[in-house]
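Coordinates in review
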Amino acid sequence: QVQLVESGGGLVQPGGSLRLSCAASGTIFSPFVMGWYRQAPGKQRELVASITASGSTTYADSVKGRFTISRDNAKNTVYLQMNSLKPEDTAVYYCNGYPPHSSWKDPPLNWGQGTQVTVSS
């Protein structure tokens, strides 16, 4: 079974930066669209950013211009560079993947533990 492990979260002040990493135990990122999700208390999980095997990206409007998703297929790792962080970005961040032409809303892989991002002064 594929294991996803997120890391890189922490406590930062508004305007600060963090770089999240997601490592997979198997070779799954290459053919999959990979996404970063987040879930804040009392809210549904949302897709923050996605990246295809060829490098095409999408971003939620709330993070455009501030977040950058990237992937290293050879290392089975996906990254999320987060700049100009805001308190509204506070959430648990998760990664997951899905085959092309499938829905991001129900990825087939098991969710990892996520990594906590807290933006506060």
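Look up a bit, the structure's there.
In short, a report on the structure.

Oppositely charged side chains are able to pair whenever their charged atoms sit close together. Scanning the entire structure with this criterion turns up 4 salt bridges. As a salt-bridge pair, Arg 38 and Glu 46 come within 2.9 Å of each other at their nearest N and O atoms. Since its relative accessible area comes to 31%, Glu 46 is described here as partly exposed. Between Arg 38 and Asp 89 there is a salt bridge; the shortest N-O distance is 3.0 Å. Taken together, the positions of Arg 38 in strand β4 (residues 33–39) and Asp 89 in the loop between β8 (77–82) and β9 (91–98) put the pair 51 residues apart, joining distant regions of the chain. Several salt bridges converge on common partners, so that one network encompasses Arg 38, Glu 46, Arg 66 and Asp 89.

Another point: the nonpolar core. Judged by nonpolar contacts, the single largest core of 27 residues is most densely connected at Trp 36, Phe 67, Leu 80, Met 82 and Tyr 93. Taken together, the elements giving at least two residues each to this core come down to β3 (18–24), β4, β5 (46–51), β7 (67–72), β8, β9 and β10 (115–119). No other element matches β3, which puts 4 residues into this core.

Attention now moves to the layout of surface pockets. Looking at the largest pocket, its volume works out to about 170 Å³. Along its surface, the largest pocket is lined by 13 residues, and Arg 38, Lys 43, Glu 46, Glu 88 and Asp 89 are the ones closest to its centre. Counted by class, the lining of the largest pocket contains 2 nonpolar, 4 polar and 7 charged residues.

Before going further, it helps to spend a moment on the state of the cysteines. Two cysteines form a disulfide when their sulfur atoms are joined by a covalent bond. This model, assessed by the stated rule, comprises 1 disulfide. Each disulfide pairs two cysteine sulfurs, and for Cys 22 the partner residue is Cys 95, the sulfurs being separated by 1.8 Å. With the S-S dihedral at roughly 55 degrees, the linkage between Cys 22 and Cys 95 falls on the right-handed side. Of this pair, Cys 22 sits in strand β3 while Cys 95 sits in strand β9, placing them 73 residues apart in sequence. In this pair, the class of Cys 22 matches that of Cys 95, namely buried.

Glancing now at the pairing of β4. With 6 of 7 residues buried, β4 lies mostly within the body of the structure. Bridge count for β4 against β9 is 7 bridges, and the pairing is antiparallel. Within the sheet, the bridge partner assigned to Val 33 lies in β9 and is Tyr 98. Here β4 folds back onto β5 in antiparallel fashion, the turn holding 6 residues, of which Gly 42 has a positive phi close to 80 degrees.

So, how was this worked out
- Residue numbering note: each chain is counted from 1, following its sequence as written.
- Per-residue local features of the predicted model are confined to residues with pLDDT of at least 70, and side-chain atom pairs are confined, for both listing and counting, to 80 or more; whole-chain, interface and lining totals are unaffected and use all residues.
- Side-chain descriptors were evaluated using all non-hydrogen atoms of the structure, hydrogens and water having been removed beforehand.
- A pairing counts as a salt bridge when a side-chain nitrogen of Lys or Arg comes within 4 Å of a carboxyl oxygen of Asp or Glu.
- Under the scheme applied here, a residue whose accessible area is under 20% of the maximum for its type counts as buried, over 50% as exposed, and between as partly exposed, the area being computed with a 1.4 Å probe on protein chains only.
- Note on conventions: DSSP H or I runs of at least 4 residues are helices, E runs of at least 2 residues are strands, and numbering of each starts at the N terminus.
- Among buried residues, the Ala, Val, Leu, Ile, Met, Phe, Trp, Tyr and Cys ones that are joined through side-chain atoms within 4.5 Å form a nonpolar core.
- Put plainly, a pocket is an open set of points on a 1 Å grid over the protein atoms alone with protein on both sides within 12 Å along at least five of seven lines, a cavity is a set where a 1.4 Å probe fits but cannot get out, and a lining residue has an atom within 4 Å of a point.
- Grid points are joined across faces, edges and corners, and a volume is the space filled by probe spheres set on the points.
- Ten residues, namely Ala, Val, Leu, Ile, Met, Phe, Trp, Tyr, Cys and Pro, are considered nonpolar, four, namely Asp, Glu, Lys and Arg, are considered charged, and the remaining ones, Gly among them, are considered polar.
- Any cysteine sulfur atom paired with another within 2.5 Å is treated as part of a disulfide.
- Here, strands pair whenever DSSP counts at least two bridges between them.

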